[in-house]
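As a plain string of letters, each chain reads:
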Amino acid sequence: MVQERSERTRGRLVEAGAVLFDRCGYAGATLGEIAGAAGVTKGALYFHFASKEELAQAVFQRAERSLRGACGGLRATSSPLQTLIDVGYWLVDALGSDAVVRAAFRLGREGGWQSRTAAFAPAASAPGVPVADVRGFHGVWAGVVRELLTGARRAGELRDRSGDPGPETLVVAAACGLEVVFGDGCPGEERARRVGALWGWLLPCLVPPGSSGAYRTRPLTSLPG
């Protein structure tokens, strides 16, 4: 019972921190405001998080778990390339509805405040996919994109373009750009229209001629939460 209450309090603090980091940035969000928004004392906040940096890292880690959990759920029933399409829809939906994901992106953009931990290091590169020094949550997202592209190549879904990283570079850049385009909010129907149009252009660059129709570029009715 005590542990459950403690976990609930920690969860409220992460959620309140995410809302304020998203709204005010790391420097602008104070621990007093975060504690008040979570309905706890500042002392209770310090029981769970020794510093604002530690709380920000918890926000980042929850966002990463959400992204990887959504990707894993989609991957269980789809090919790597179809999963990449669908997880892009998941991301733009999260940007409109999930302060934790938005805060993770903002924290990564601001940079400079965090310790040099593995969570904020550049995403590991995948074989055959160009390396970019992408940090923060953009680095996590770029890493997921690279992993799925590598899986798609191994599954024979991509064109055989040995030594030509252009298409993969384009997809990673476009995927990272989704946060820029949709981070400030956009109606759901417009998000879906734009992402569908993006894949309408990208797919012919990635897959063998004539196989674009094998992939659904519309959003799923229900995306993993």
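Residues numbered from 1 in each chain as written. Predicted model: local features only at pLDDT ≥ 70, side-chain atom pairs only at ≥ 80, totals over all residues. Heavy atoms only, no water.

A.B. asks: Whenever I open this one, empty space enclosed by the protein confuses me. Can you help?
C.D. replies: The gaps left among the atoms become clear once a water-sized probe is rolled over them. Counted under the stated rule, the structure contains two cavities of 30 Å³ or more. Considering only enclosed or pocket space, the largest cavity measures out at about 70 Å³ in volume. Of all the secondary structure elements, the ones that give two or more residues to the lining of the largest cavity are helix 5 (80-97), helix 8 (166-182) and helix 9 (188-206). Taken together, the residues of the lining of the largest cavity sort by class into nine nonpolar, one polar and no charged. (1 Å grid on protein atoms, 1.4 Å probe; cavity = no way out; pocket = protein on both sides within 12 Å on 5 of 7 lines; lining within 4 Å. Points joined across faces, edges and corners; volume = space filled by probe spheres on them. Helix = DSSP H or I, 4+ residues; strand = E, 2+ residues; numbered from the N terminus. Nonpolar A, V, L, I, M, F, W, Y, C, P; charged D, E, K, R; others polar.)

A.B. asks: Quick question: what am I supposed to make of the pattern of salt bridges here?
C.D. replies: Oppositely charged side chains can pair when the atoms bearing their charge come close. On inspection of all chains with the given rule, the structure shows ten salt bridges. Arg-62 is the salt-bridge partner of Glu-15, the closest N and O atoms lying 3.3 Å from each other. Remark: Arg-62 occurs in helix 4 (residues 52-75) and Glu-15 occurs in helix 1 (residues 2-28); sequence separation between them is 47 residues. A cluster of three or more residues bridged by salt bridges with shared partners is formed by Glu-64, Arg-68 and Glu-147. (Salt bridge = Lys/Arg side-chain N within 4 Å of Asp/Glu carboxyl O.)

A.B. asks: It is not clear to me how the packing of aromatic side chains should be interpreted in this structure. Could you clarify?
C.D. replies: The geometry of an aromatic ring pair is captured by the separation of the ring centres together with the interplanar angle, meaning the angle of the planes. In total, this model carries three aromatic pairs according to the counting rule given. The interplanar angle of 20 degrees and the centroid separation of 5.8 Å between the aromatic rings of Phe-21 and Tyr-26 together place this pair among those described as stacked. Both residues of the pair, Phe-21 and Tyr-26, count as buried. Consider the rings of Phe-60 and Phe-137, whose centres lie 5.6 Å apart with planes at 90 degrees: the pair is edge-to-face. You can see Phe-60 sitting in helix 4 and its partner Phe-137 sitting in helix 7 (residues 136-154), a full 77 residues away along the chain. On the basis of relative accessible area, Phe-60 is assigned to the buried category, the value being 0%. The buried category is assigned to Phe-137, whose relative accessible area is 0%. An aromatic cluster of at least three residues, connected via ring pairs, comprises Phe-60, Phe-105 and Phe-137. The ring of Tyr-26 has Lys-52 sitting right over it, with the charged end atom 4.6 Å from the ring centre. (Phe/Tyr/Trp six-rings, centres within 6.5 Å; stacked < 30°, edge-to-face > 60°. Buried < 20%, exposed > 50% of the residue type's maximum accessible area, 1.4 Å probe, protein only. Lys NZ or Arg CZ within 6 Å of the ring centre and 35° of its normal.)

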